[in-house]
Amino acid sequence: MNERIVIVGAGHGGFQLAASLRQSGYAGAVILVGDEPGLPYQRPPLSKAYLLDKLPLSELFFRPEDFFSESGIQRVTATAIDIDRKKRRVLLDRGEAVEYDRLVLATGARRRRLPVEGADVDGVHGLATLADADKLKSALRVGCQNAIIIGAGFIGLEFASVANLLGLEVTVVDAASRAMARAVSPAVSAFFEAHHSRQGMKFRFGEGVASIIGSGGRAKGVETSSGQLLSADIIVTGIGVVPNDRLARAAGLEVENGIIVDAQLTTSDPNIFAIGDCCNFLLGSSGARCRLESVQNATDQARLLAARFAKDQFAQYDAVPWFWSDQGSLKLQIAGVSAGCDEFVQVQDVKGLSVLCFRHGVLAAVESINRPADHMAARRLLASTGRRPTSVEAGLKDFDLKRFTIEAAA
Ligand SMILES: Cc1cc2nc3c(=O)[nH]c(=O)nc-3n(C[C@H](O)[C@H](O)[C@H](O)COP(=O)(O)OP(=O)(O)OC[C@H]3O[C@@H](n4cnc5c(N)ncnc54)[C@H](O)[C@@H]3O)c2cc1C
């Protein structure tokens, strides 16, 4: 087979696609173009074990160097700067062009820049890449005493937990009214806020950052929107990401909050596909569009395309989304998407909390804190076509999600 698949982006989705193509027996050329130096690596540990020095660099890599040569995956370190759809080739910043039969965009998302004065000075960090994590690791270990985290999302709070564990005084500032407000129910926000506060973290919700205060080219603190001056040795921004869809947009593909794909992950060009954080896809059979930032989504989408390219298996993408976040001793696991849910039922014990989230009376997501059995049950339940609990059933005193799932499947 002389076919050539070019994958742009060598992160979770891009790497998984290349590896799955070979696992599925794909015999054509596989060219993996990535703009970061070094071997493809896992991102989640960057804000967790890697930052705490609990995971060596070698374990961040998906596979060692010889995996790529032995599997016949050609790695190209370069930035793709243009797509010539007529000639089916991708132009690289180093001057050459790579021809494709099928092109997969797995370009991920990039950090949203803090739009205030002083945001670019030394001492203001982001956390999206290995290079960012290495910079932060060194900064944390040179006598820092206090940290300000701008943004109480997943990455902000994971970093805050690490800084807290390393003994820094931590203040989290967020314009929203609660933690992880975009992604979790109010009960889960409250659980995390209470836990982190007990560990000594301070929260300032409903307050934005007006500017970064600097001195001699270094950040010294922030001025909040209410005029408060907060000093810090280290400032980390975690105010979300934007999809890397510039290439697709410039090539005339349909783009809106990510690269628009159909149920089989094809863009508006039948020879170009998009997966992972950069793509805007159809969520199951609901017809709703969504863009997710999660390892599961990127890798499941990659596997679906690999089966299509290697074995001509055409399937619609309908995986149940799931996600996790580790913050100190708390593990949050989410199955499904709780955005738009209008009814919440809490199931709690001494170990943790699960929140069953209902949309128009139908169970749509389960958020679990330190309750892995609930999470696994929720994934099975949401993937099945079987009966789901009503909010009344979930609210009964002896309700057990795992037992319900087993009984529903029987
Ligand atoms: C610190 C951190 C912690 C996280 N923790 C979790 C977690 O606990 N659980 C979870 O589910 N998710 C987590 N995520 C999110 C998860 O890592 C992403 O959802 C996942 O990496 C998406 O995979 P992807 O392949 O779409 O993009 P990425 O893995 O981001 O890969 C995209 C790659 O494409 C490259 N690229 C972009 N444009 C070009 C171009 N023009 N040419 C060449 N290369 C290009 C980028 O540099 C990047 O290397 C975390 C993310 C971060 C940053």
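Residues numbered from 1 in each chain as written. Predicted model: local features only at pLDDT ≥ 70, side-chain atom pairs only at ≥ 80, totals over all residues. Heavy atoms only, no water.

A. Spatial organisation of the site of the ligand. Taken together, 33 residues form the shell around the ligand, and within it Gly 13, Asp 35, Glu 36, Lys 48 and Asp 277 come nearest. Within the backbone of Gly 13, an N or O atom sits 2.7 Å from an oxygen atom of the ligand. Interatomic distance of 2.5 Å between a side-chain N/O atom of Asp 35 and an oxygen atom of the ligand. With the chains in place, 92% of the 990 Å² that the ligand exposes on its own is no longer accessible. Looking at the shell around the ligand, the elements that each hand over two or more residues are helix H1 (12-23), strand E2 (29-34), helix H7 (295-311) and strand E22 (322-327). Each residue belonging to the shell around the ligand can be placed in one class, and the counts come to 15 nonpolar, twelve polar and six charged. Shared between two domains, the shell around the ligand takes at least three residues from each, and those domains are domain 1 (4-110 + 242-311) and domain 2 (124-239). (Near = heavy atom within 4 Å. Polar contact = N/O pair within 3.5 Å; in protein donor to acceptor, adjacent residues only side chain to side chain. Areas by Shrake-Rupley, 256 points an atom, 1.4 Å probe, with all protein chains shown as cover. Helix = DSSP H or I, 4+ residues; strand = E, 2+ residues; numbered from the N terminus. Nonpolar A, V, L, I, M, F, W, Y, C, P; charged D, E, K, R; others polar. Domains from an automatic or database assignment.)

B. Region of interest: the domain arrangement of the protein chain. Entries for the protein chain in the domain assignment read domain 1 (4-110 + 242-311), domain 2 (124-239) and domain 3 (329-409). Using C-alpha coordinates to define each centre, domain 1 is positioned 30 Å away from domain 2. Interface area for domain 1 against domain 2, summed over the two sides, is near 1,300 Å², with a carbon-plus-sulfur share of 63%. Contact with domain 2 buries area across many residues of domain 1, yet Ser 47, Leu 51 and Leu 52 alone supply 45% of it, more than any other trio. Scanning the region where domain 1 abuts domain 2 turns up three salt bridges. In this structure, the connection of domain 1 to domain 2 is made through nine residue pairs in polar contact (both at pLDDT 80 or more). (Buried area = accessible area lost by both parts, 1.4 Å probe. Salt bridge = Lys/Arg side-chain N within 4 Å of Asp/Glu carboxyl O.)

C. Looking closely at the packing of H1 against H7. In the contact formed by H1 and H7, the axes pass within 8 Å of each other and the chain directions differ by 30°. Note on packing geometry: the crossing formed by H1 with H7 is right-handed. In this structure, H1 uses His 12, Gly 13, Gln 16, Leu 17, Ser 20 and Leu 21 to contact H7, whose residues at the interface are Val 295, Ala 298, Thr 299, Ala 302, Arg 303, Leu 305, Ala 306, Phe 309 and Ala 310. Of the residues in the contact of H1 with H7, the class split is nine nonpolar, five polar and one charged. (Axes fitted to C-alpha atoms, helices over the stretch in contact; angles between N-to-C directions. Left-handed = near helix turned anticlockwise from the far one by under 90°. Contact = heavy atoms within 4.5 Å.)

D. Representation of the state of the cysteines. Counted according to the given criterion, the structure contains zero disulfides. There is no disulfide at Cys 290, and the cysteine sulfur nearest it, in Cys 279, is 8.6 Å away. Residue class for Cys 290 comes out buried when judged on its relative accessible area of 12%. (Disulfide = S-S within 2.5 Å. Buried < 20%, exposed > 50% of the residue type's maximum accessible area, 1.4 Å probe, protein only.)

E. Layout of the sheet that holds strand E24 (residues 343-348). Spatially, E22-E23-E26-E25-E24 is the arrangement adopted by the five strands of the open sheet, whose pairing is antiparallel. Each edge of the sheet is formed by a strand with only one pairing partner; in this case those strands are E22 and E24. On average, each strand axis in the sheet is inclined to that of its neighbour by 15°, with strand direction left out of account. Pairing analysis gives six bridges linking E24 to strand E25 (residues 353-359), with the strands arranged antiparallel. Note that in E25 the partner of Val 345 across the bridge is Leu 356. Running at roughly 30° to E22, helix H4 (residues 154-165) makes contact with E22 and strand E23 (330-336) of the sheet. On the sheet, helix H5 (residues 186-198) packs against E22, E23, E24, E25 and strand E26 (362-369) and is oriented at approximately 170° with respect to E23. (Pairing = 2+ DSSP bridges.)

F. Main features of H1. Counted at 1.5 Å a residue, the expected span for H1 with its twelve residues is 16 Å, and the 16 Å between its end C-alpha atoms agrees. The buried fraction of H1 amounts to ten of the twelve residues, a majority that puts the element mostly inside the structure. Buried residues of H1: His 12, Gly 13, Gly 14, Phe 15, Gln 16, Leu 17, Ala 18, Ala 19, Ser 20 and Leu 21, and no others. Contact partners of the buried residues in H1: strand E1 (4-8), E2, helix H2 (65-71), strand E3 (73-77), strand E7 (102-105) and H7. One or two residues past the end of H1 sits Gly 25, with phi positive at roughly 85°. (Expected span 1.5 Å × (residues − 1).)

G. Spotlight on the pairing of E25. Across the seven residues of E25, six count as buried, placing the element largely inside the fold. Turn length for the E24-E25 hairpin, with the two strands adjacent in sequence and antiparallel, is four residues. Bridge count between E25 and E26: seven bridges; the pairing is antiparallel. Directly across from Ser 354, in E26, lies its bridge partner Ser 368. The turn linking E25 back onto E26 is made up of two residues, and His 360 within it adopts a positive phi angle of 50°.

H. Examining the packing of helix H8 (residues 372-383) against helix H10 (residues 401-409) more closely. Contact geometry for H8 and H10: axes closest at 8 Å, N-to-C directions at 30°. In terms of their interaxial angle, H8 and H10 are classed as roughly parallel. For the pair H8 and H10, the crossing hand works out as left-handed. Listed contacts from H10 to Ala 373, Asp 374, Ala 377, Ala 378, Arg 380 and Leu 381 of H8 are Leu 401, Lys 402, Phe 404, Thr 405, Ala 408 and Ala 409. Among the residues making up the contact of H8 with H10, the classes are represented as eight nonpolar, one polar and three charged. (Parallel < 35°, antiparallel > 145°, perpendicular 65-115°, else oblique.)

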